[in-house]
Amino acid sequence: MSAQPVTAVRGQESPLEPITAAAYRRFLATREGAALNAAFLQLPSWAEVKDGWRGQCVGWGPDPASGRLSGVALVLLRQVPGTRKYFAYLPEGPVADWADPHIDGWLAPLLRYLREAGAFAVRIGPSPDYRRWSAARVKGATGPGRRLADVLASEVDPLGTAVAERLRARGWQRCGGEEDGDAQPRHVFRIPLTGRTPDDLWSGLNQEWRRNVRRAEKSGVEVVVGGAADLPDFYRLLRITEMRDGFRLGRSLAYYERQFAAFNAEEPGRMRLYLARHGGETLAAHTMIRVGGRVWYQTGASADHRREVRPSNLLQWRMLLDAQALGAEVYDMRGIPPTLDPDDRAYGLLRWKLGTGGDVVETLGEWERPLGGTANHALYRMFQTYLARR
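Residues numbered from 1 in each chain as written. Predicted model: local features only at pLDDT ≥ 70, side-chain atom pairs only at ≥ 80, totals over all residues. Heavy atoms only, no water.

**Q** Can you break down the side chain of K353 residue by residue, with the values?
**A** You can see K353 is positioned in helix 12 (residues 347-354). D332 provides the closest opposite charge to the buried, salt-bridge-free K353, at an N-O distance of 7.1 Å. In this structure K353 touches F189, M333, R334, G335 and I336, once residues within four positions along its chain are discounted. (Helix = DSSP H or I, 4+ residues; strand = E, 2+ residues; numbered from the N terminus. Buried < 20%, exposed > 50% of the residue type's maximum accessible area, 1.4 Å probe, protein only. Lys, Arg positive; Asp, Glu negative; His and termini not counted. Salt bridge = Lys/Arg side-chain N within 4 Å of Asp/Glu carboxyl O. Contact = heavy atoms within 4.5 Å.)

**Q** Account for the environment of G52, naming residues and giving values.
**A** Relative to the elements of secondary structure, G52 occurs in the loop between helix 3 (46-49) and strand 2 (54-60). Separated by 195 residues in the primary sequence, G52 and F247 place their C-alpha atoms 23 Å from one another. The residues contacting G52, other than those within four sequence positions of it, are L77 and R78.

**Q** Can you explain helix 11 (residues 311-325)? Please cite residues and give values.
**A** The terminal C-alpha atoms of helix 11 lie 21 Å apart, and with 15 residues this matches the ideal 21 Å at 1.5 Å per residue to within 8%. Burial runs high along helix 11: 11 of the 15 residues are buried. Looking only at helix 11, the buried set comprises P311, S312, N313, L314, L315, Q316, W317, M319, L320, D322 and A323. Immediately downstream of helix 11, the backbone of G327 shows phi near 85°, a positive value. (Expected span 1.5 Å × (residues − 1).)

**Q** Please give an account of the pairing of strand 14 (residues 330-335) that cites residues and values.
**A** Counting buried positions along strand 14 gives five out of six residues, so the element sits mostly inside the fold. Note: strand 9 (residues 187-192) against strand 14, four bridges, orientation antiparallel. Looking at the pairing, R190 lines up with D332 of strand 14. Bridge count for strand 13 (residues 294-302) against strand 14 is three bridges, and the pairing is parallel. Looking at the pairing, R294 lines up with V330 of strand 14. (Pairing = 2+ DSSP bridges.)

**Q** I'd like a description of the pattern of salt bridges, backed by residues and values.
**A** When the charged atoms of two side chains lie near each other, side chains of opposite charge can form a pair. Summed over the entire model, instances satisfying the criterion amount to 25 salt bridges. Its salt-bridge partner being E368, residue R123 comes within 2.7 Å of it at the nearest N-O pair. Within this pair, whereas R123 is found in strand 5 (residues 119-124), its partner E368 is found in strand 16 (residues 367-370), the two being separated by 245 residues in sequence. E368 matches R123 in its accessibility class, with the two residues each being buried. With a closest N to O distance of 2.7 Å, E362 and R131 form a salt bridge. Note that E362 is positioned in strand 15 (residues 359-363) and R131 in strand 6 (residues 129-134), a separation of 231 residues in sequence. Look at the salt bridges and you will find they share partners, linking R25, E266, E267, R270 and R290 into a network.

**Q** I'd like a description of the packing of aromatic side chains, backed by residues and values.
**A** Going through the model one piece at a time under the given rule, you end up with 14 aromatic pairs. Plain terms: the ring middles of F40 and W46 are 5.8 Å apart, the flat faces sit at 75° to each other, and that makes the pair edge-to-face. Like F40, the residue W46 is buried in the burial classification. Pairing F234 with Y256 gives two aromatic rings, centres 5.2 Å apart and planes at 80°, and the pair type is edge-to-face. Taken as a pair, F234 in helix 9 (residues 231-245) and Y256 in helix 10 (residues 253-266) lie far apart in primary sequence, 22 residues in all. Summarising the burial analysis for this pair, F234 and Y256 share the class buried. By the ring-pair criterion, three or more aromatic residues cluster together here, those being F40, W46, F234, Y235, Y255, Y256, F263 and W296. Stacked on the ring of Y86, the Lys or Arg R54 has its end atom at 5.1 Å from the ring centre. (Phe/Tyr/Trp six-rings, centres within 6.5 Å; stacked < 30°, edge-to-face > 60°. Lys NZ or Arg CZ within 6 Å of the ring centre and 35° of its normal.)

**Q** Tell me about the layout of surface pockets, and name the residues and values.
**A** Roughly 770 Å³ of volume is contained in the second largest pocket. Along the walls of the second largest pocket sit 39 residues, with S127, P128, D129, R190 and R294 positioned nearest its centre. Where the lining of the second largest pocket is concerned, the elements lending two or more residues are strand 6, strand 7 (155-156), strand 9, strand 13, strand 14 and strand 15. When the residues that make up the lining of the second largest pocket are grouped by side-chain class, the tally is 18 nonpolar, six polar and 15 charged. (1 Å grid on protein atoms, 1.4 Å probe; cavity = no way out; pocket = protein on both sides within 12 Å on 5 of 7 lines; lining within 4 Å. Points joined across faces, edges and corners; volume = space filled by probe spheres on them. Nonpolar A, V, L, I, M, F, W, Y, C, P; charged D, E, K, R; others polar.)

**Q** Describe the sheet that holds strand 14, listing the residues and the values that go with them.
**A** Strands belonging to one sheet form pairs held by backbone hydrogen bonds; the direction of such a pair is parallel or antiparallel. Within the open sheet, the nine strands sit side by side as 7-6-15-9-14-13-12-11-10. Their pairing is mixed. Taken across any chain shown, the strands that pair with only one partner, and hence form the sheet edges, are strand 7 and strand 10 (222-225). The strands touched by helix 12 within the sheet are strand 9, strand 12 (281-291), strand 13, strand 14 and strand 15, with strand 14 carrying the most contacts at an inclination of about 170°. (Axes fitted to C-alpha atoms, helices over the stretch in contact; angles between N-to-C directions.)

**Q** Any details on the pairing of strand 15? Residues and values, ideally.
**A** For strand 15, the buried fraction is high: five of the five residues fall into the buried class. By the alternation rule, side chains of strand 15 split into D359, V361 and T363 and V360 and E362, which are all buried. Judged from the five bridges that link them, strand 6 and strand 15 form a sheet pairing that is antiparallel. By the bridge assignment, R131 is partnered in strand 15 with E362. Two strands pair when backbone bridges link them, and strand 9 and strand 15 are joined in this way by four bridges, in the antiparallel orientation. Within strand 15, the residue paired with R190 across the bridge is D359.

**Q** Describe the nonpolar core, and please don't skip the residues or the numbers.
**A** In this structure, F40, W46, Y331 and V360 are the most contacted members of the largest nonpolar core, which totals 87 residues. Excluding residues within four positions of it along the chain, F40 makes contact with W46, F263, I289, V291, W296, Q298 and R334. (Core = buried A, V, L, I, M, F, W, Y, C linked by side-chain atoms within 4.5 Å.)

**Q** Run through the sheet that holds strand 4 (residues 86-90), naming residues and quoting values.
**A** One open sheet holds the seven strands; their spatial order is 1-2-3-4-5-16-8, and the pairing between them is mixed. Each having just a single partner strand, strand 1 (16-18) and strand 8 (173-174) make up the two edges of the open sheet. Looking at chain direction, strand 1 and strand 2 are connected through three bridges and run antiparallel. Of the residues in strand 2, the one forming a bridge with L16 is W60. Across the face of the sheet, helix 1 (residues 21-29) comes into contact with strand 2 and strand 3 (71-79) while running at roughly 140° to strand 3.

Quick look at the structure:
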């Protein structure tokens, strides 16, 4: 049975039901489904990656059972030990029409379904953007103690503003308030690709980036697309990167193996592993994910030695060109720190991404609320206290 996307009737609630992963994917492949710009975290395959969570695919529309859909969501459920209650998480979802002023038409059935499924609270990640800063504006605002929030945005998205107001009016709270308290990055870096040629992308790089790409090419760095057998090499470099840069993702090699297998089983080539080699040795490795018209640079890793040949710059340049050749509308380099202080250790990542000439984007971030009932509210308060002490 093929998915039959429809436009929801505004002002009315849409029926919501569990759907199969196949029906979910068919909807995303339609013109209407693709227009909702699903993130890779809302793919059915993502449930296979997240150990300790139980995934459910749901859809709403006039008749979800027959494939007549107007929106979908991947819900991850995590059980609270010793109870029959769950925390429901929709990372960067649901995949819905956020421009619909009557969001209750699909949001209310979703909340009702989750409560009946035993969820005591839910966290969502609305897709609209909130604010945007050009690379030039951000670079011109750096200084001691400065943060992104101190800089006037180049653009404020009216849809994002409207969605935030609608959620607050319905009892939702932004995780962390104005600070980034999200599980997924609230501030990301994106390079627009629509209508741009490779020459346009090259001219968008700053002088340092162009110099480093040329240096890597002249030094004999070779970029290749690897496979599952190369994931241990990638993971070895990732552990080196974590120790060098002072962060810990907390993910195992098995996590990346599950991700690589699940994504590429869902659609061949959906996840790619790029390797930069020099003198027969892998010096850097980055992962890339594609869904419809969007491409993400997910995770990067590099060795501590021979950094002077600039393997990571050439890797990113190749990935950017491949994203453009695939017809992607945007190349998303994922999270950046909100600091603009050059003396802050985290600033180096932002500086590196700014050199590509894209934009800093603040998304709406993640929003939470408890579901109805005294017991659910009490459990949610306990849950918040637990998170605050971690």
